[in-house]
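As a plain string of letters, each chain reads:
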Amino acid sequence: MAEIVGIYGVPHNPLLWRTLAADPLPDDLRATADGFARLRARLAEARPDVIVTVSTDHLTQWFYDNMPSFLVGKAERVPVTFWAEEREFGLPKAELRGDPELARALLAGGIERGVDFAASDEFTADHSVLVPLLYLRPDLDLPVVCVFTNCMAPPLPTPARFFRVGEVVRETIEALPGGRRVAVVASGHLATEVGGPKHFAGSPDRDFDAWAVELLRKGAVEEAVRSLTFDRLLAAGNVSHQFLNFLVTMGVAGGAPALHADGAVSRFATSPFFEWAV
């Protein structure tokens with residue numbers, strides 16, 4: 001059967017692309033650079049054949065009038081970087097290989113297990129997919145299946161639903177024939193504010209950061225699904241809802257405590273780095 005060989009959670013702040021390339025590297029970004037380097041090495045050790053990414057479109061192609069809760073991209077080719085991201089953040093244009101066979105299996109597996117994913121054959125991945133891959137797999141040499149979540153347009157799916165999606169991803173992959181090696185990479189935020197006086201000016205809620213990291217460190221599933229309400233996340237920062245993507249990886253790991261859980265303090269916000277045993 002297919003096998004999950006790595007489960008990771010990382011930040012996707014597009015401002016990191018230029019600042020982490022600075023020479024010398026600013027002291028306040030060293031922990032973030034080290035977090036990416038550690039997981040890049042761990043991903044290489046896992047030797048995956050394909051990566052399933054869990055990320056959130058930033059209202060660039062899906063909006064309030066047409067917002068899927070959870071969507072699986074099943075295109076053969078995945079273009080990345082919107083023009084505004086190229087202009088504002090210097091992110092490169094790229095094209096990733098998709099894996100339609102695995103994507104269709106996730107769709108069918110979801111239906112069999114009570115999760116009705118939306119699907120798309122034509123989409124563009126934004127920085128929530130590209131930034132993690134640029135640091136974790138800079139050659140962009142592996143096929144990717146993109147799972148998009150709605151963390152932007154209320155009403156959002158419940159925390160319990162994010163966790164269940166992760167369980168379904170694992171159950172589906174492990175039921176597949178063959179010996180494919182699959183890594184799962186989720187990206188998101190801890191407490192983060194975009195716009196206004198707190199815009200990427202450090203973490204707007206350090207207490208939330210420490211508490212949220214500890215939830216995953218302990219594998220506190222019940223507390224997470226009970227406490228990570230829309231209002232609690234909004235109070236931490238207006239885009240902190242993307243922390244919910246890490247509940248998907250938590251579900252992939254079966255709710256087990258994280259093997260590694262850390263929040264790297266930086267000038268922008270606290271950068272999350274998670275890894276689960278497989």
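Residues numbered from 1 in each chain as written. Predicted model: local features only at pLDDT ≥ 70, side-chain atom pairs only at ≥ 80, totals over all residues. Heavy atoms only, no water.

- As recorded by an unreviewed UniProt entry, the protein chain carries the name Extradiol ring-cleavage dioxygenase and is attributed to Actinomadura violacea.

Describing the overall build of the protein chain
Move 1: When you go through the protein chain residue by residue, the secondary structure sums to ten helices and ten strands.
Move 2: The principal-axis extents of the C-alpha atoms in the protein chain amount to approximately 50 × 40 × 40 Å.
Move 3: Each of the 278 residues in the protein chain was classed as buried or not, and the buried ones make up 58%.
Move 4: Carbon and sulfur atoms provide 51% of the accessible area of the protein chain, an area that totals close to 11300 Å².
Move 5: Side chains of the protein chain give 26 positive and 36 negative charges; the mean places of these two sets differ by 3 Å. (Helix = DSSP H or I, 4+ residues; strand = E, 2+ residues; numbered from the N terminus. Buried < 20%, exposed > 50% of the residue type's maximum accessible area, 1.4 Å probe, protein only. Areas by Shrake-Rupley, 256 points an atom, 1.4 Å probe, with all protein chains shown as cover. Lys, Arg positive; Asp, Glu negative; His and termini not counted. Charge placed at Lys NZ, Arg CZ, Asp CG, Glu CD.)

Quick notes on the pairing of strand 8 (residues 181–188)
Move 1: Across the eight residues that make up strand 8, a large majority, eight, are buried.
Move 2: Burial along strand 8 is two-sided: the residues Arg181, Ala183, Val185 and Ser187 and Val182, Val184, Ala186 and Gly188 are all buried.
Move 3: Sheet analysis places strand 1 (residues 3–11) next to strand 8, joined by eight bridges and oriented parallel. When the bridges of strand 8 are listed, Pro11 appears paired with Gly188.
Move 4: For strand 2 (residues 50–55) and strand 8, the ladder comprises five bridges, and the chain directions are parallel. (Pairing = 2+ DSSP bridges.)

Section: the nonpolar core
Move 1: The biggest cluster of nonpolar side chains holds 54 residues, and the ones touching the most others in it are Phe117, Leu228 and Phe243.
Move 2: Here the element with the most residues in this core is helix 6 (residues 159–174); it accounts for six residues.
Move 3: If we ignore the near neighbours within four places in the chain, the residues touching Phe243 are His189, Leu190, Ala212, Leu216, Leu228, Leu233 and Phe274.
Move 4: Core analysis: the second largest hydrophobic core is formed by 38 residues, Tyr8, Phe36, Ile51 and Phe268 among them. (Core = buried A, V, L, I, M, F, W, Y, C linked by side-chain atoms within 4.5 Å. Contact = heavy atoms within 4.5 Å.)

A short note on the side chain of His58
Move 1: Examined against the element boundaries, His58 turns out to sit in the loop between strand 2 and strand 3 (70–73).
Move 2: From its side chain, His58 meets the backbone oxygen of Thr56 in a polar contact 3.0 Å long.
Move 3: Sequence-distant contacts of His58, defined by excluding residues within four places in its chain, comprise His12, Asp126, His127, Ser128, Met152 and Gln242. (Polar contact = N/O pair within 3.5 Å; in protein donor to acceptor, adjacent residues only side chain to side chain.)

Some details on the state of the cysteines
Move 1: Summed over all chains, the structure comprises zero disulfides.
Move 2: Cys146 carries a free sulfur, and the closest cysteine sulfur to it, the one in Cys151, is 15 Å from it. (Disulfide = S-S within 2.5 Å.)

As for the packing of helix 6 against helix 10 (residues 245–252)
Move 1: Running from N to C, helix 6 and helix 10 cross one another at 40°; their axes reach a closest spacing of 6 Å. Put simply, helix 6 runs oblique to helix 10. Helix-helix and strand crossings are classified by hand; for helix 6 and helix 10 the assignment is right-handed. Two secondary-structure elements touch here, helix 6 through Pro159, Phe162, Phe163, Val165, Gly166, Glu167, Val169 and Arg170 and helix 10 through Asn245, Leu247, Val248, Met250, Gly251 and Val252. (Axes fitted to C-alpha atoms, helices over the stretch in contact; angles between N-to-C directions. Parallel < 35°, antiparallel > 145°, perpendicular 65-115°, else oblique. Left-handed = near helix turned anticlockwise from the far one by under 90°.)

Examining the sheet that holds strand 1
Move 1: Spatial ordering of the open sheet is given by 6-3-7-2-8-1-10-9, a layout of eight strands whose pairing is mixed. Two strands in the sheet have a free side with no partner beyond their single neighbour: strand 6 (118–120) and strand 9 (260–264). Across the sheet, the axes of successive neighbouring strands diverge by a mean angle of 15°, strand direction being ignored.
Move 2: Each of strand 9 and strand 10 (271–276) is contacted by helix 7 (residues 206–218), which is oriented at about 170° to strand 9, the strand it contacts most.

Structural notes on the packing of aromatic side chains
Move 1: Throughout the structure, instances matching the rule amount to 14 aromatic pairs.
Move 2: For the pair Phe208 and Phe243, a centre-to-centre distance of 6.1 Å together with 80° between the ring planes defines the contact as edge-to-face. With Phe208 in helix 7 and Phe243 in the loop between helix 9 (230–236) and helix 10, the pair connects residues that are 35 residues apart, well separated along the chain. Taken individually, Phe208 and Phe243 each receive the classification buried, so the pair is uniform in this respect.
Move 3: Taking 6.0 Å as the distance between ring centres and 40° as the angle between the ring planes, the aromatic pair formed by Phe274 and Trp276 counts as tilted.
Move 4: When its relative accessible area of 2% is taken as the criterion, Trp276 is described as buried. (Phe/Tyr/Trp six-rings, centres within 6.5 Å; stacked < 30°, edge-to-face > 60°.)

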